[in-house]
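Summary of the model geometry
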Amino acid sequence: MTDFHAELETRLTRYAAIDSQSDDNSPTSPSTDFQWNILRLLESELREIGATDVTLTDYGTVIATIPATAPDAEKLPTIALLAHIDTTPQFNATGVKPRVIRGYNGGPISFPDNPALTLTPEQSPYLATKRGHDIITASGLTLLGGDDKAGVAILMTAARHLLANPEIPHPTLRIAFTPDEEIGRGVHARLPADLDASFAYTFDGGAVGEIEYESFSADGATVTIQGVSIHPGNAKDKLVNAIHLAAKIIQTLPQATLTPETTEDREGFIHATEMTGGSSEMTLKFILRDFELDGLATKGQLLQQVCATVAATEPRAEITCTIKPQYRNMRYWLEKDMTPVDLARTAARSIGIEPVSVPIRGGTDGSRLTEMGIPCPNLFTGMQNIHGPLEWISVQDMGQATQFCLALVQQAATAKT
Ligand SMILES: [Zn+2]
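Residues numbered from 1 in each chain as written. Predicted model: local features only at pLDDT ≥ 70, side-chain atom pairs only at ≥ 80, totals over all residues. Heavy atoms only, no water.

Bringing the coordination of the zinc ion into the picture now. Looking at the zinc ion, the protein donor atoms are H84 (NE2), D147 (OD), D204 (OD) and D204 (OD), and they sit 1.9 to 2.6 Å from it. Relative to the metal, the four donor atoms surrounding the zinc ion lie at angles of 53 to 147°, and the coordination shape comes out irregular. For the zinc ion, the single-chain donor residues occur in sequence as H-x62-D-x56-D. Of the two residues, H84 sits in strand β3 (residues 79–84) while D204 sits in strand β9 (residues 199–205), which places them 120 residues apart along the sequence. Just as H84 is buried, D204 falls in that class too. (Donors = N, O, S within 2.8 Å, 3.2 Å for Na, K, Ca; no water. Tetrahedral: all angles 85-135°; square planar, octahedral: opposite > 155°, others 65-115°. Helix = DSSP H or I, 4+ residues; strand = E, 2+ residues; numbered from the N terminus. Buried < 20%, exposed > 50% of the residue type's maximum accessible area, 1.4 Å probe, protein only.)

As structure tokens, then:
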């Protein structure tokens, strides 16, 4: 059996070296112009390997078809396979220099460009299970961007293999590479129609075996505080300082509970992400997260209550709190029809991998896509320690993810719509 290791290693290191960081503060789509570089590259690589209907949309998503090879394909579901090309704005992602540690010896890993940094199996227990594997990391100054270029490399490898081996039976497959997932803008309004699939999978998960169909439900909140501005020399009994009111709001919100740093598992949180402005006007930004809609609503009400309480102490100020939905737990839809999850579980077991389903304390493109009508669980790629300089991935794990992808599409050739 082909193990795909050399191809996966080449693809991941090549894609990782191309800067494609997204930018939350940019209004454009894609959010950064240079994301087009890797999108155009993938468009031409998909053409080269013989994919059909290769399109780069004006909203920055590459979509292509791998035509069905299974008999009676018209009776089979069309399946979309997705990975995102952007890397997180949370950490330096410019000038990524991927390197491969061949036959990992189980010890600490140092970084050529940052002697202060060490990756150990103690910090990353999963690494302890990868002795003998080929490990890819960045050089110490950047993230690696295996999130989600590992997904891109896995899908490109699987696509190339399927197109070169048409005797492998599978339904119509739609491959899509999206921008701006890390800033929650990966799924454009037109994407569900453009994919035209019965269901989908993102390859954007971690440890081997992960098949995720539960994500957070997420809202974003913006609080604006309008104070009263006046020359401080004549300010007595007139000036209302918006900074003081902003500090009161933060101080009144829970800090020892209900924050990301004090919660885990199925607990939700209110996370203050930004505080900007000056004495006359302040803006505070929050993200609200919970697995259940009533828990999410309670967190929104708490924030609104705190704002109202602080506003009541200073009637001359104006405080507004606007809460907007971001994405919803994909479980609400998937639990009604578990076909995509069951297919993935059967495929994993067929190649000796025990599936594990843990709720994602975050969202994926699949959360939005599921809500918009295309059920979309998230599957493992092997990526670890994402969004920082200690990010790493095992080439052999990516190999297993590729085998899993191939098993999955063959399993789908036996599915009923
Ligand atoms: Zn990701």
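After that view, the rundown keeps rolling.
Moving on, we come to the environment of E43. Here E43 shows up in helix α2 (residues 35–48). Overall, the relative accessible area of 17% leaves E43 in the buried class. Residues E43 and V54 lie 11 residues apart in sequence; the distance between their C-alpha atoms is 6.6 Å. Residue contacts for E43: discarding those within four places in its chain leaves V54, L56 and V62. One polar contact links E43 to R47, side chain to side chain, over a distance of 2.9 Å. (Contact = heavy atoms within 4.5 Å. Polar contact = N/O pair within 3.5 Å; in protein donor to acceptor, adjacent residues only side chain to side chain.)

Across a sheet, paired strands are connected by hydrogen bonds in the backbone, their directions being either parallel or antiparallel. Strand order in the open sheet formed by seven strands is β1-β2-β8-β3-β9-β15-β10, with mixed pairing between adjacent strands. The sheet terminates laterally at β1 (52–56) and β10 (211–212), the two strands that pair on one side only. Summarising the sheet, β3 and β9 pair through four bridges and their orientation is parallel. Counterpart to L82 in the pairing with β9 is T202. Contacts between helix α9 (residues 339–350) and the sheet are confined to β9, β10 and β15 (378–380), with β9 contributing the most and set at about 55° to the helix. The sheet contacts of helix α11 (residues 395–412) involve β3, β8 (173–178), β9, β10 and β15, and relative to β15 the element is tilted by about 135°. (Pairing = 2+ DSSP bridges. Axes fitted to C-alpha atoms, helices over the stretch in contact; angles between N-to-C directions.)

All right, on to the nonpolar core then. If you look at the biggest cluster of nonpolar residues, it comprises 66 residues, and the most contacted ones within it are L46, L81, F177, Y201, F203 and F404. With 10 residues, the top contributor of residues to this core is α11. By size, the runner-up hydrophobic cluster in this structure holds 22 residues, among which are A221, L253, V306 and A317. (Core = buried A, V, L, I, M, F, W, Y, C linked by side-chain atoms within 4.5 Å.)

This paragraph deals with helix α4 (residues 146–164). Spanning 19 residues, α4 covers 26 Å between terminal C-alpha atoms, matching the ideal 27 Å at 1.5 Å per step. Burial analysis of α4 places 16 of its 19 residues in the buried class, which makes it a mostly covered element. (Expected span 1.5 Å × (residues − 1).)

The next subject is the packing of aromatic side chains. Counted under the stated rule, the structure contains six aromatic pairs. On the basis of an interplanar angle of 90° and a centroid distance of 5.5 Å, the ring pair of F216 and F269 is categorised as edge-to-face. Here F269 lies in strand β12 (residues 269–277) and F216 lies in the loop between β10 and β11 (217–226), a separation of 53 residues in the sequence. You can call F269 buried: its relative accessible area is 8%. For the ring pair F380 and F404, a centre distance of 5.0 Å and an interplane angle of 15° mean the geometry is stacked. With F380 in strand β15 and F404 in helix α11, this residue pair connects regions lying 24 residues apart in the sequence. With respect to burial, F380 and F404 carry one shared label: buried. Geometry around F111 places R99 over its ring, the cationic atom sitting 5.1 Å from the centre. The residue whose ring lies beneath R266 is F291, and the NZ or CZ to ring-centre distance is 5.6 Å. (Phe/Tyr/Trp six-rings, centres within 6.5 Å; stacked < 30°, edge-to-face > 60°. Lys NZ or Arg CZ within 6 Å of the ring centre and 35° of its normal.)

The terminal C-alpha atoms of α9, which comprises 12 residues, lie 16 Å apart, in line with the 16 Å expected from a rise of 1.5 Å per residue. Inspection of α9 places P340, V341, L343, A344, A347 and A348 among the buried residues, and these make up the whole buried set. Down the axis of α9, the smallest arc covering the buried residues is 160°, so these residues share one side. Packed against the buried residues of α9 are β9, β10, α8 (331–334), β15 and α11. (Arc of directions from axis to C-beta.)

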